[in-house]
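# Fold and geometry: a report
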Amino acid sequence: NMLARADFLSLNFVKKEDYTGSYQGMRYMLHQAEVEEEKKLQIYLWPEPFCFDVTPEEQKISEMFPFSEDGLAQGIDWMNEQYESVRRHEK
């Protein structure tokens, strides 16, 4: 079982507010970032059990993708690739 496109709402939601969720011990947040006036999809990953704000910075990783369906697909692939290493930090 891996994360798939169907697990996520539309990018229109991410434009309005951050989209957070979790998958078997890994938490994630999709965020619309502005980089040099260009919209980017920034994805943060961190281990459970805590929310983003109280998780130590060194346990979070993030990556930027194009703010598009293609970018979201790339991001989901990246999340699946990172899953095991994020899980290993789980307390």
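Note: the structure precedes this text.
The notes below deal with the structure included here. (Residues numbered from 1 in each chain as written. Predicted model: local features only at pLDDT ≥ 70, side-chain atom pairs only at ≥ 80, totals over all residues. Heavy atoms only, no water.)

On inspection of all chains with the given rule, the structure shows eight aromatic pairs. In this arrangement the basic side chain of lysine 60 is found over the ring face of phenylalanine 52, its NZ or CZ atom lying 3.7 Å from the centre. (Phe/Tyr/Trp six-rings, centres within 6.5 Å; stacked < 30°, edge-to-face > 60°. Lys NZ or Arg CZ within 6 Å of the ring centre and 35° of its normal.)

The subject of this paragraph is the pattern of salt bridges. One pass over the structure, following the stated rule, counts four salt bridges. In this structure, arginine 27 and glutamate 48 form a salt bridge, with 3.6 Å as the shortest nitrogen-oxygen distance. With arginine 27 in strand S2 (residues 26–35) and glutamate 48 in the loop between strand S3 (38–47) and strand S4 (61–66), this residue pair connects regions lying 21 residues apart in the sequence. For the salt bridge of glutamate 38 with lysine 40, the shortest nitrogen-to-oxygen distance reads 3.8 Å. (Salt bridge = Lys/Arg side-chain N within 4 Å of Asp/Glu carboxyl O. Helix = DSSP H or I, 4+ residues; strand = E, 2+ residues; numbered from the N terminus.)

Looking now at the sheet that holds S3. What the four strands build is an open sheet, ordered S1-S2-S3-S4; its pairing is antiparallel. Both edges of this open sheet fall to strand S1 (19–23) and S4, since each of them pairs with a single strand only. Strand after strand, the sheet turns through a mean of 25° between neighbouring axes, direction not considered. Lying on the sheet, helix H2 (residues 69–87) is in contact with S1, S2, S3 and S4; it crosses S4 at an angle near 165°. (Pairing = 2+ DSSP bridges. Axes fitted to C-alpha atoms, helices over the stretch in contact; angles between N-to-C directions. Contact = heavy atoms within 4.5 Å.)

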